[in-house]
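Next come the chains, spelled out residue by residue.
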Amino acid sequence: AKVAARAEAKARHRLLLRSAAVANGTSKALASGYVHKADFADNKHARALQHHGYGGFGGGAHFTMGHSRQFQKGVRVKGVVLRKA
């Protein structure tokens with residue numbers, strides 16, 4: 001019984017390995033071998049620059065969201081001035 005169970009397990013694993021090999025790393029049959037394909041349209045370095053506001057990307061999220069709600073809502077209080085970067 002043990003030998004038959006082992007042979008069945010080997011056959012099942014062989015099938016998983018074959019399907020993973022066919023999928024070239026994008027198969028979820030074996031979790032340890034799964035890789036995310038690179039999305040070249042998304043450059044993480046350019047996204048970081050845009051988020052932090054360097055170069056030609058304007059103020060950035062930290063600058064834009066770093067003010068009180070009266071600035072974000074467009075309600076200005078007389079005498080309150082926004083910091084210039």
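Note that the structure is predicted; figures quoted are calculated from it, not measured.

Bringing the overall build of the chain into the picture now. Helix and strand content of the chain: 4 helices and 0 strands. Starting at the N terminus, the α and β elements of the chain follow one another as α-α-α-α. Each of the 85 residues in the chain was classed as buried or not, and the buried ones make up 8%. By sequence separation, contacts in the chain at least 24 residues apart represent 0% of the contacts at least 6 residues apart. About 7500 Å² of surface is accessible on the chain, with carbon and sulfur atoms providing 59% of the total.

There is a patch of like positive charges on the surface, built from Arg6, Lys10, Arg14 and Arg18. Mapping Arg14 onto the fold places it in helix α1 (residues 2-22).

Attention shifts here to helix α2 (residues 44-52). N-cap assignment for α2: the residue whose side-chain oxygen lies 3.0 Å from the backbone N of His45 is Asn43. Immediately downstream of α2, the backbone of Gly53 shows phi near 85 degrees, a positive value.

Assignment of secondary structure puts Ala31 in the loop between α1 and α2. In this structure the C-alpha to C-alpha distance between Ala31 and Ala20, which are 11 residues apart in sequence, comes to 9.9 Å.

So, about the pattern of salt bridges. Considering all chains together, one arrives at 2 salt bridges under this definition. Arg12 serves as the salt-bridge partner of Glu8, at 3.7 Å between the closest nitrogen and oxygen. Here Glu8 pairs with Arg12, and both are found in helix α1, just 4 residues apart, close to one helical turn.

The next subject is the confidence of the model for the chain. Averaged over every residue, the pLDDT of the chain is 76; residues scoring 70 or more account for 68%. The least confident element of the chain is helix α4 (residues 69-73), whose mean pLDDT is 65; the most confident is α1, at 87.

The rules we used
- Along every chain, residues carry numbers that run from 1 in the direction the sequence is written.
- Local features in this predicted model are restricted to residues whose pLDDT is 70 or higher, and side-chain atom pairs enter the listing and the counts only when it is 80 or higher, whereas totals over whole chains, interfaces and linings include all residues.
- The side-chain values count all of the structure's non-hydrogen atoms but skip hydrogen atoms and water molecules.
- Every helix listed is a DSSP run of H or I at least four residues long, and every strand listed is a run of E at least two residues long, numbered separately from the N terminus.
- Only protein chains enter the calculation, and the probe is 1.4 Å; a residue is then buried if its accessible area is under 20% of its type maximum, exposed if over 50%, and partly exposed in between.
- Residue contacts are counted whenever heavy atoms from the two residues lie within 4.5 Å of one another.
- Using the Shrake-Rupley algorithm and a 1.4 Å probe, accessible areas are obtained, with residue cover drawn only from the displayed protein chains.
- Patches here are clusters of residues that have more than 30% relative accessible area and form no salt bridge, with a 9 Å joining cutoff for like charges and a 5 Å cutoff for nonpolar side chains (Val, Leu, Ile, Met, Phe, Trp, Tyr).
- Counted as salt bridges are all cases of a side-chain nitrogen of Lys or Arg within 4 Å of a carboxyl oxygen of Asp or Glu.
- In this count, Lys and Arg are taken as positive residues and Asp and Glu as negative ones, while His and the chain termini are left out.
- Charged side chains are reduced to one point each, which is NZ for Lys, CZ for Arg, CG for Asp and CD for Glu.
- Within 3.5 Å is the distance limit for a polar contact, defined as a pair of N or O atoms, with the added protein rule that one can donate a hydrogen and the other accept it, and that residues adjacent in sequence qualify only through two side-chain atoms.
- Values of pLDDT, the confidence the predictor places in each residue, fall between 0 and 100.

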